Amino acid sequence: MRKFFFKLAMIVMVMFVSMSCFAQTDKVNNFRIKRGTNVSHWLSQSEQRGEARRLHIQEDDFARLEELGFDFVRIPIDEVQFWDEQGNKLPEAWDLLKNALDLARKHNLRAIVDLHIIRSHYFNAVNEGNQTANTLFTSDKAQQDLINLWYQLSAFLKDRSCDWVAYEFMNEPVADEHEQWNQLVAKVHKALRKIEPQRTLVIGSNRWQGHETMKFLKVPEGDKNIILSFHYYNPMILTHYGAWWTPIGKYTGKVNYPGVLVSKEDYDAAPDAIKPELKQYTEQIWDINTIRAQFKDAIEAAKKYGLQLFCGEWGVYEPVDRELAYNWTRDMLTVFDEFNIAWTTWCYDADFGFWDQQHHTYKDRPLVELLMSGKSLEK
């Protein structure tokens, strides 16, 4: 009989621990983050499948990030990798996500699961001339479909500790009107809170999670388990120099940082076709004070709601002059630390990254050392 009651007590205790994330709805989670990176172009924005996808990210990657001093990862995932067009689950991607979260926990890395691209919304559709691709903000069905995706993700992830796994329910919303995004935030938040009252949710601002639109974001009141997110790649002429997918990437002249980014002489020598894009960079001094000023709205929003602020994407394209990249990165880190802003670089091993997965070596070790020179997570 004594053994029976002991077993019963153990079962009750396990149930209590596993349910604690749900029972204490007013408890602020211990999902504490400071410096991380995006494990991108793997379960998102990638055509790799089968063995190539399975081998792309392994335990040594998570071990490396822990050893370097990162304390969390953001893992972008795409609908097309996890569900077919009929809405059926594609098992291998789910297995890879499970393994990634297991390995992140093993190596003391918290994780944000970021639903990056869905069939009804792609953040870069407008820039690629496909404005009809995004139906999310004009279709009730598309919005319910998004909620249904999260119902399934929650069912798969809900047993993960709320102190170790958070959800970012959509990346870089691009709604015509800010209120369209605010209404969707309220709808998805309400739906998720019914099934996971305690989970930390990462919510960004409209128009590519821009710092300048954070002041228009309406955050659900009274929920302290929310992290506010913005992305920052300014000035684009520096961070995206040579990036073929951007208009400014066509510029091949000299860039300066800090200071006036493009001199009058370099502007005059540039092709006429890109001068409209280039003009703004000849008129303003860019330095750490510019970054501080541009962060102001995001910082004030976080203070208003009493929430953690998080820069979910920032980084410099690989071909950019490294000294310029380091100057900008150093200024970014200084401002992050001044205002206790958590961050994940874009990214770990792709074209903005510091690790070369193909050759299994660092492609920019000085960048890693610079990233780790800032403040770490306080214990």
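Here the structure is a predicted model, which is why all the values come from computation and not from measurement.

1. Side note on the packing of aromatic side chains
Under the definition given, this model contains 26 aromatic pairs. Measuring from ring centre to ring centre gives 6.2 Å for phenylalanine 82 and tryptophan 83, while their planes differ by 45 degrees; the resulting arrangement is tilted. Neither phenylalanine 82 nor tryptophan 83 differs from the other in exposure class; each is buried. Taking 5.6 Å as the distance between ring centres and 75 degrees as the angle between the ring planes, the aromatic pair formed by tyrosine 348 and phenylalanine 354 counts as edge-to-face.

2. Observations concerning helix 13 (residues 322-338)
Between its first and last C-alpha atoms helix 13 spans 24 Å; for 17 residues at 1.5 Å apiece the expected length is 24 Å, and the two agree. Every buried residue belonging to helix 13 is among Leu324, Ala325, Tyr326, Trp328, Thr329, Asp331, Met332, Leu333, Val335, Phe336 and Asp337, and all of these are buried. Residues of helix 13 that are buried sit in contact with helix 9 (236-239), helix 12 (288-305), strand 9 (308-313), strand 10 (342-345) and helix 14 (365-371). Regarding helix 13, its N-cap is aspartate 321, as a side-chain oxygen of that residue lies 3.1 Å from the backbone nitrogen of glutamate 323 further along. Positive phi shows up at asparagine 340, right after helix 13, with a value of about 55 degrees.

3. With respect to the side chain of glutamate 313
Position of glutamate 313 relative to the elements: it lies in strand 9. Taking relative accessible area as the criterion, glutamate 313 reaches 5% and is therefore assigned buried. Here the side chain of glutamate 313 touches tyrosine 233 through a polar contact of 2.8 Å, side chain to side chain. The contact partners of glutamate 313, leaving out residues within four places of it in the chain, are Asn38, Arg74, His116, Asn171, Glu172, Phe230, His231, Tyr232, Tyr233, Thr344 and Trp346.

4. Quick notes on the confidence of the model for the protein
Taken as a whole, the protein shows an average pLDDT of 92; of its residues, 91% reach a score of 70 or greater. Counting interchain partners and residues more than four positions distant, the pLDDT-below-50 stretch residues 1-20 has one contact.

5. Side note on the nonpolar core
Across soluble globular proteins, nonpolar side chains have a tendency to be buried as a group. Judged by nonpolar contacts, the single largest core of 109 residues is most densely connected at Leu228, Phe295 and Phe354. If we skip the residues at most four places from it in the chain, leucine 228 touches Ile203, Met214, Leu217, Val219, Ala301, Ala302, Tyr305, Leu307, Gln308, Leu309 and Phe310. In this structure, Phe31, Phe72, Ile112 and Ala342 belong to the second largest nonpolar core, which totals nine residues.

6. So, the side chain of arginine 193
Looking at the element boundaries, arginine 193 is found in helix 7 (residues 178-195). Assessed through its relative accessible area of 13%, arginine 193 is described here as buried. A distance of 2.9 Å separates a polar atom in the side chain of arginine 193 from the backbone oxygen of glutamate 196. Those residues in contact with arginine 193 that sit more than four places away from it in its chain are Gln198, Arg199, Leu201, Asp223 and Asn225.

7. Notes on the environment of arginine 292
With respect to the element layout, arginine 292 can be found in helix 12. Residues arginine 292 and arginine 193 lie 99 residues apart in sequence; the distance between their C-alpha atoms is 34 Å. Excluding residues within four positions of it along the chain, arginine 292 makes contact with Val335 and Glu338.

8. Quick word on helix 12
Under the 1.5 Å per step criterion, the end-to-end length of helix 12 is 26 Å for 18 residues, consistent within 8% with the ideal 26 Å. Within helix 12, the axis deviates most sharply at lysine 296, by approximately 45 degrees. Every buried residue of helix 12 is accounted for by Ile288, Thr290, Ile291, Gln294, Phe295, Ala298, Ile299, Ala301, Ala302 and Tyr305. Along its buried surface, helix 12 packs onto strand 6 (226-231), strand 8 (285-286), strand 9 and helix 13. A positive backbone phi angle near 65 degrees is found at glycine 306, which sits one or two residues after helix 12.

Conventions and cut-offs
Residues numbered from 1 in each chain as written. Predicted model: local features only at pLDDT ≥ 70, side-chain atom pairs only at ≥ 80, totals over all residues. Heavy atoms only, no water. Phe/Tyr/Trp six-rings, centres within 6.5 Å; stacked < 30°, edge-to-face > 60°. Buried < 20%, exposed > 50% of the residue type's maximum accessible area, 1.4 Å probe, protein only. Helix = DSSP H or I, 4+ residues; strand = E, 2+ residues; numbered from the N terminus. Expected span 1.5 Å × (residues − 1). Contact = heavy atoms within 4.5 Å. Polar contact = N/O pair within 3.5 Å; in protein donor to acceptor, adjacent residues only side chain to side chain. pLDDT = per-residue confidence, 0-100. Core = buried A, V, L, I, M, F, W, Y, C linked by side-chain atoms within 4.5 Å. Bend = angle between axes of the 7 residues up to and from the residue.

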